[in-house]
Amino acid sequence: MKALQRFESSRLRMNYPIVRFAPSPTGYLHIGGARTALFNWLFAKKHQGKFLLRIEDTDLERSERLYIDQIISALDWLGLNHDGNYILQSNNLSNHHAVLNQLLNQGKAYRCFYTKEELDQLRLESEKAKKPFRVPTTYRDISQEEVNKHLQDQKEFTIRLKVPEGKTCFEDLVYGNITVQNREIDDFILARSDGSPTYNFVVTIDDADMKITHVIRGDDHLANTPKQILIYEALDLPIPTFAHLPMILGSDGKRLSKRHAATNVQEYKEKGYQPKSIINYLSLLGWNPDSDDEIFSINEIIEKFELNQVQKKPAIFDEKKLNWISGQHLQKSSLRELTSAIKDLDFTWAENHSEGFIKDLVLLLQERSKNIQDIIELGKIIVSNPSYSKEDLHKIFIDNNFEIIENFTTGLSFDEFTASNIEELINNISIQNEVSLGVVMKQIRFAITGITYGPSLVEILLLLGQDSVISRLKNFVKQLT
RNA sequence: GCCCCCUUCGUCUAAUGGUUAGGACGUCACCCUUUCACGGUAACAAUAUGGGUUCGAAUCCCAUAGGGGGUACCA
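Residues numbered from 1 in each chain as written. Chains lettered and ligands numbered in written order. Predicted model: local features only at pLDDT ≥ 70, side-chain atom pairs only at ≥ 80, totals over all residues. Heavy atoms only, no water.

A.B. asks: So what exactly am I meant to see when it comes to the protein's contact with RNA strand B here?
C.D. replies: Taken together, 52 residues sit near RNA strand B, with Arg-192, Gly-286, Glu-294, Arg-368 and Gly-454 positioned nearest. A share of 69% is what sugar and phosphate atoms reach among the atoms of RNA strand B within 4 Å of the protein. Between Lys-116 and RNA strand B, the recorded distance is 3.2 Å, taken from a backbone N or O atom to a base nitrogen. A distance of 3.4 Å is found between a sugar or linking oxygen of RNA strand B and a side-chain nitrogen or oxygen belonging to Glu-184. Elements with a contribution of two residues or more to the surface near RNA strand B: helix 5 (116-128), strand 7 (176-181), helix 7 (199-209), strand 12 (315-316), helix 12 (319-332) and helix 19 (437-449). The biggest single contributor to the surface near RNA strand B is helix 12, with four residues. A class-by-class count of the residues in the surface near RNA strand B yields 17 nonpolar, 15 polar and 20 charged. (Near = heavy atom within 4 Å. Polar contact = N/O pair within 3.5 Å; in protein donor to acceptor, adjacent residues only side chain to side chain. Helix = DSSP H or I, 4+ residues; strand = E, 2+ residues; numbered from the N terminus. Nonpolar A, V, L, I, M, F, W, Y, C, P; charged D, E, K, R; others polar.)

Next comes the structure, spelled out in structure tokens:
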């Protein structure tokens, strides 16, 4: 009967899923958190549901306002907007206590008067005897008089759930059917001796409060789920559907942590990745789009997204593939997108140049860039006065002979500074000096920009314009002779 | 220790019991090219191990190994 009710209510709710992302503000938003948020968001979008944000700030020692702002701005940057205002877990504290009392009154939870020290001692003894340790249920069914007596003695107590006999099953959307025997679960603590509620309890109450229909979170919570289900059952609350996502690991196969290259979403913004690239890459970590294509717009991902195609095993974060995806998206980006992204990141270098010039420059650099920062770096080099590394200089001008550059400089003084004129000049110099076209171009490129790579030489020359090109060439020769 | 979960190229992943185990990133070679990148073509590369079941196993079952999580008055 209960199962049927659960089935009916979950069917009803399925029409309008409500999901949440529940970070604790003890640090910035990292890649793993972003992935969890993303999958929740995708699921909500896919089913026209709601995506809520709950800040789990009950650990007052470690929670900081700064991190709340950072997390929200990182989510915002990624485009993972939440519905409504975000919810502070700490605001729900009085409710937590009310529910605690309710459970106590209904006899579904009880006061346990063991101290931590006593339990530690018992645990130690079991370990020595090589017996599995279970918290003794000594106080589970004592009479009200005994309870009152302990209370009068001012004995400290925790509140524990009376875990019933039987087993707890649920169907995880990713992991499938999971069954745990209740005897494997201790009467776990709902409230500490200082009265503060524990994580498993608070999460459950808040999720129920927010009418969450689908709990989508990291698989580090998989083992907590049966406990939470027991709380739902004790309170006769509808049980949400669960979906646990495998972890994201660093390149060494270990859980992502601060030791790893870049774990902060903010860092990827600063490195010049576009949000759509991060989202595309993250969506592919642990999820199979059922397609040979891998480059998707956000809308395409929403359309294709299915939780049942999420992988069970953890995935390693691979920056190389991210770079490739980023490059693919960059090629598809419009000039307008690119310029606005550049302006967000770093535009100081471009401010003294005309809009048209910057447009042409960006267009020129787009093709060979993986992310926005690549454009900026190359742009800076082309825009600023070149500096020459000795090493490269000797490689390119083997015998310190600058004849080609001098010839080119004088040859450039024609009336029409066009591609065909420049090409003809380069050709002539190549023939006259009996040097290959490649060598001529390399020398000119280096003299003009100070680098040995980058866009087509003629394009750079045209972009910079006749005057600027000639003065750079003259400076080059002046500096070195 | 006990409980739950996981295991296909270096990495992300395909393969309703029958495929030369496929694709992508990366790597390498070649082509294109003034350079770098893009693009194109090929190559290298995987079913953790051992037993079953079956005509036939990456796929089902059982062990073993390895990894993750829980077993906390952490979250």
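A.B. asks: Please explain helix 13 (residues 335-345) as it appears in this structure.
C.D. replies: When we look at burial in helix 13, the residues that qualify are Leu-338, Thr-339, Ala-341 and Ile-342. The buried residues of helix 13 all sit within an arc of 160° when viewed along its axis, so they share a single face. Of the residues in helix 13, the exposed ones pointing more than 90 degrees away from the buried face are Arg-336, Lys-343 and Asp-344. On the buried face of helix 13, the contacting elements are helix 12, helix 14 (355-366) and helix 15 (372-383). (Buried < 20%, exposed > 50% of the residue type's maximum accessible area, 1.4 Å probe, protein only. Arc of directions from axis to C-beta. Contact = heavy atoms within 4.5 Å.)

A.B. asks: Would you mind showing me how to read the sheet that holds strand 4 (residues 109-112) here?
C.D. replies: Hydrogen bonding along the main chain pairs the strands of a sheet, whether they run parallel or antiparallel. Strand order in the open sheet made by the three strands is 4-5-8, with antiparallel pairing throughout. Strands with a single pairing partner mark the edges of an open sheet, and in this sheet they are strand 4 and strand 8 (189-191). Within the sheet, the average angular offset between the axes of one strand and its neighbour, ignoring direction, is 45°. Bridge count for strand 5 (residues 158-161) against strand 8 is two bridges, and the pairing is antiparallel. Each bridged residue has a counterpart across the sheet, and for Arg-160 the counterpart in strand 8 is Ile-189. (Pairing = 2+ DSSP bridges. Axes fitted to C-alpha atoms, helices over the stretch in contact; angles between N-to-C directions.)

A.B. asks: Sorry if this is basic, but what is going on with the layout of surface pockets here?
C.D. replies: In this approach the atoms are scanned with a rolling probe the size of a water molecule, which exposes any empty space left behind. In this model, the largest pocket occupies a volume close to 1500 Å³. Elements represented by at least two residues in the lining of the largest pocket include exactly strand 1 (18-21), helix 2 (31-46), helix 4 (93-105), helix 7 and strand 9 (214-218). Considering each element in turn, the lining of the largest pocket owes the most residues, four residues, to helix 2. In the lining of the largest pocket, the residues fall into 17 nonpolar, 18 polar and 10 charged. (1 Å grid on protein atoms, 1.4 Å probe; cavity = no way out; pocket = protein on both sides within 12 Å on 5 of 7 lines; lining within 4 Å. Points joined across faces, edges and corners; volume = space filled by probe spheres on them.)

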